[in-house]
Structure formats: structure tokens, C-alpha cells
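Single-letter residue listing:
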Amino acid sequence: MAISLTAVVLLTMAVLMLSVELAAGYTFSSRLIHGFSDEAVSFWASKGKSMTWPNRESVEHMRLLLSNDWKRQRLKLGSQKQLLFPSEGSETHFYGNDLSWLHYVWIDIGTPNASFLVALDAGSDLLWLPCNCVQCAPLSSSNYSMLLPLCSLVFGASIMQDKDLNEYSPARSSSSKHLSCSHQLCELGPNCRSPKEHCPYTVNYYSENTSSSGFLFEDQLHLTSVGGHEHQGSVLAPIVIGCGSKQSGNYLSGAAPDGVMGLGPGEISVPSLLAKSGFVPHSFSLCFGKSNSGTIFFGDKGPENQRRSSFVSLDGNYNTYVVKVQHYCVGGTCTKQSGFHALVDSGSSFTFLPSEIFTKVVTELEEQMNATRLAIEDFPCCYKASSQGLLNIPSMKLLLAANQSFVIQNPMFTISSGQGDNFYCVGLLPIEGMIGIIGQNFMEGYHLVFDWENMKLGWSRSKCQDIGGTAKVSPTPPPSGLTSNPLPTTEQQRNPGGHAVAPAIAGKATPKPSAASLLAVSWRYTMSSLLFSLVVWLLYLI
């Protein structure tokens, strides 16, 4: 029969004799003295310390025991911090070539809330949505048939009849307001004719001729909180949104038709604004699983035993998630002089190496494989399996700073010729310059933590654990000490014609009690009372 924790506590209140009978006939014994016993008081008195404890059978004594148990539990479990995730759920979605090999998440914006399927991009900062469209990708469900089963599954046919993707409309959201050119988050403010004009934006991406442009607004992002000392509840977080009236390049041909959530460390990104508002630390995590889905959490610091590598600067600036790669290893061989910097970018489907290093890695790879290289479409390094069967693909890894290994779980992908032949291609491409990119294909199977607060990238092997959508409780207000608009105030905005200054970072204040937190306190009080009653009852039986 299993012994409960309470029974163990009661047993340890007695003085036990432990005896060991040895072959030679000697007996050794040891006395176990409970920390709250009379003998313990005498022991501390002999050390010159005055200690008093409540009487053994008193209510105060039972409370002291219970309090000690709670302390032990907190030491075992560690501090539980609040995590935030989109109100539609923490799960991310991957549609392969149908939506340009990117990962997506459903988010809710505005009042009343509207849903958007945005691509996740750790290589940029701005959250933009198709809005007041002049040149946008089509949003009709007839163009994205692969979304219909997902929409039916997530929303239910009775809840969401229209399966089309959304176009953001500031006029239809009562919580929307435009950012002026004098606002410190308006990078193009110096180009405005008047500081009161509406702030424009333009974002150019790595892909050729791919961009988004329009005007900046502030609105509310609907999130769900979990963990910490709070019951699961809703959070309304003020953020900056790009009203993207004009897109170009890949954004008109299948990539991110419903917008992009920039997750970079810039002042305007969602993780930065959530941290500035005091909701969570300046960190977030992504997990890309093998089942075409994953998770995203804001404020996640990751497990204690995860591997970590520091972010490094580019030209003296810390404005992207860049790590130092010491070596690229193929099998047991690490290529010489293969060190380079790499941007960790969830918005890049594949991984890019500086051209010179790419050549060395591929040469080493082919020496260890029994295959002949073929060039297929845009991928220069594809191979056909030999007549003996599958390729002998060696293991691959990146060796980061402090000898931290980042093992590549899935370096190859397959392409079918349509004639029964399968070709195996390396998910690597060359890039000019000495800055590489670690893309999604190398992130598969990892729980990745982007901890900007401590300037660390963390990673651990993990299955992606999704948490469901919003609990039906009242939205959580901004943390105490902050206004309902935690973006920079008028006093923090720059003067017209001057240079933008960094926003003041708000401290992490404790949130005001919400209906959810009061419920959690009540629940903990009830459980404590029940445990206390159980302890007293067991003492009575003894």
C-alpha cells in the first residue's frame, strides 16, 4: 500500500531507531529527530539559539507542518511564471508548399475581435495584416481550400460560417487608434510633413521584391494566460499593427496572405510590447513538431536543463537573434574554418550557409554518402538513392559557442519525380556574405526559447504540447501602475524633426486581481483547509 505524504509527516514526528545487525554481531543505531520536536528545541538551545514550537497537538502545530509542506513543494516545482498564448490556442500550423512552407497561428485582434491566420517570423519585428487593401493577396476560401477542414475543426461550422481569411479594418474596431508621426515608434516620422500625420511604414524582407507597406495603428491582441498564481484567463494586450494596404513579391503569391507576426526583438514587436507592458518577461518559445504543427508561448524561459547559446551583435548592434556557429559537422567530421554568424529565423523555410562554407559542407557530405549529385529546380544538392536502397545519410550538427551542440534532426527532404523516383535533397542553400540563416527545417523537433531578457537562445528536445483556447472569464487589465495604453506616452515621444529615442521600459508590476485570480485564491484556500482537516483526522486516529 502506498504511504501518503501526510502519513510520512506523522511517522517522522516520532523518534525512530534504525538498527543494522552485522555478521560480526555489532549493532549500529541512529536517532532521527523531527525538526519541530522538543529534542530539536534542546539541540538549538545548546547551540545558543532560542527556538520555540507550538504544542504538538495544537492547530498552530498542524499549520506549521502544512506550511513547511507547501515550501517543499515550491522548492521541487520551482517558480511558476505566467505564460501567454493566442486566444485561439497555442498551436501553430504548417501547410507545406500550399502556403510557402511557413508556420502559422490564429490570432484575434480588435473590438469586436476578428481572426487572422498570420505567419510567424522571428527575423522581422512588425505585426502587419491585410488592411484597406490596394494590393493584397486574395482572401477568399476558394483560393485556400486546404484551410477549410482546419477552420471547421477549430471554429465549428455553427460558429464560423464564412471560412474566408480576414481583412483588418480599423474603422470596425472600437479599440483601434492610429499612431501619429510624432510617436517614438514611428520610424518614418522624419519623412512626414506634419507630426500629427498618420505614421506610415514600409518593411522589406529577405525574399526578392517582397514587402509590405501602409500605416501603423494601435489595437488589442487577445491572449490567454496560464501558469503563475493565476487561473487560466483572458488578457487584452495593446500592440502596434501595420495596416498593410499594399504587399509585393511572395506576399502576393501564396506566402502569408493574412499577414505576418514579426517576433524579432525590436521595440515594435509583439514580444517586446508584452514585456514593456509588464505582462511577461521579454522571451517567447517556438516548438516545431514532426506532425506539421507546433506551439508558441510568450514569456516562456524553457526548462532548466536546456542547452543555451548567447546572442551576438552585428556591427555592434543587438537587433536580431544571431548566434555564433563555431563549426558545421557532418558525421564525425567538423569542417575546418567553418565558423560563421547565423540568424535564427522561423520565417525562413530552409537553412542558408555562406557560399564558401556551403561548398565545404556539401563536399564532406558527398564523401560520406554513396550518391551522385543532381540539381532539381531551385535545390542544387539532391541525390537519387542507389539500387541498394536508401541513402546512407550521415548525422549533422551545428557546434555553437561553448561547445553547445545543435543536432539537426531532419537535414534532408524528398522530392518525387512523378515517375516513381524519389530524390533526397539537402535542406541547405548558399547565401552571399558571412551571415547564414538557421531556418525552420533545422528547428524541427526542438523547443526553442528566444530569451532576449538574458540574451540567450535555448533549445531542448521536446514534443510540442498544445494548450487550448480562451477560458470564459473576464479579460485581465494591464498590470497595476500602468495605464490602459502601455505604449510610450506623449512625454516619451520624440520632438518633431528629432531622432527617435528608445522607449522607456516599464517594470514588471504585479497584475491587479481579476475574477480569475480571486477564484484561484479561493481554490487554494479550500484545498489548504481540506489538507489541514485530513492531518488533524489522522492524528486523532493515532
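Residues numbered from 1 in each chain as written. Predicted model: local features only at pLDDT ≥ 70, side-chain atom pairs only at ≥ 80, totals over all residues. Heavy atoms only, no water.

Focus: the UniProt feature "active site" (unreviewed entry) in the protein chain
With numbering matched to this structure, UniProt assigns "active site" (unreviewed entry) to Asp-121 and Asp-345. Sequence-wise these annotated residues cover 225 residues; spatially they are packed, their C-alpha atoms never more than 6.6 Å apart. Position of Asp-121 relative to the elements: it lies in strand β6 (residues 114–121). Taking the relative accessible area as the measure of exposure, Asp-121 reaches 9% and is therefore buried. Residues in contact with Asp-121, not counting those within four places in the same chain, are Tyr-205, Val-260, Met-261, Gly-262, Leu-263, Gly-264, Asp-345, Ser-346 and Gly-347. In this structure Asp-345 touches Asp-121, Ala-122, Gly-123, Tyr-206, Ile-437, Ile-438, Gly-439, Gln-440 and Met-443, once residues within four positions along its chain are discounted. (UniProt positions renumbered as here; feature names shortened; annotations may be inferred. Helix = DSSP H or I, 4+ residues; strand = E, 2+ residues; numbered from the N terminus. Buried < 20%, exposed > 50% of the residue type's maximum accessible area, 1.4 Å probe, protein only. Contact = heavy atoms within 4.5 Å.)

Observations concerning the pairing of β6
Most of β6 sits out of view: seven of its eight residues are buried. Looking at chain direction, strand β5 (residues 103–109) and β6 are connected through six bridges and run antiparallel. Across the sheet, residue Tyr-104 finds its bridge partner in β6, namely Ala-119. Where β5 folds back on β6, the antiparallel hairpin that results is connected by four residues, among which Gly-110 adopts a positive phi of roughly 85°. Here β6 runs beside strand β12 (residues 260–262); their pairing, made up of three bridges, is parallel. What sits directly across from Ala-119, in β12, is Val-260. (Pairing = 2+ DSSP bridges.)

Things to note about helix α6 (residues 355–368)
The end-to-end C-alpha distance of α6, which contains 14 residues, comes to 20 Å, matching closely the 20 Å that a straight helix rising 1.5 Å per residue would cover. Three or more residues of α6 are buried, namely Ile-357, Phe-358, Val-361, Val-362, Glu-364 and Leu-365. The arc that holds the buried residues of α6, viewed along the axis, is 165°, so those residues lie on one side. Away from the buried face of α6 by more than 90 degrees, exposed residues Glu-356 and Glu-367 are located. (Expected span 1.5 Å × (residues − 1). Arc of directions from axis to C-beta.)

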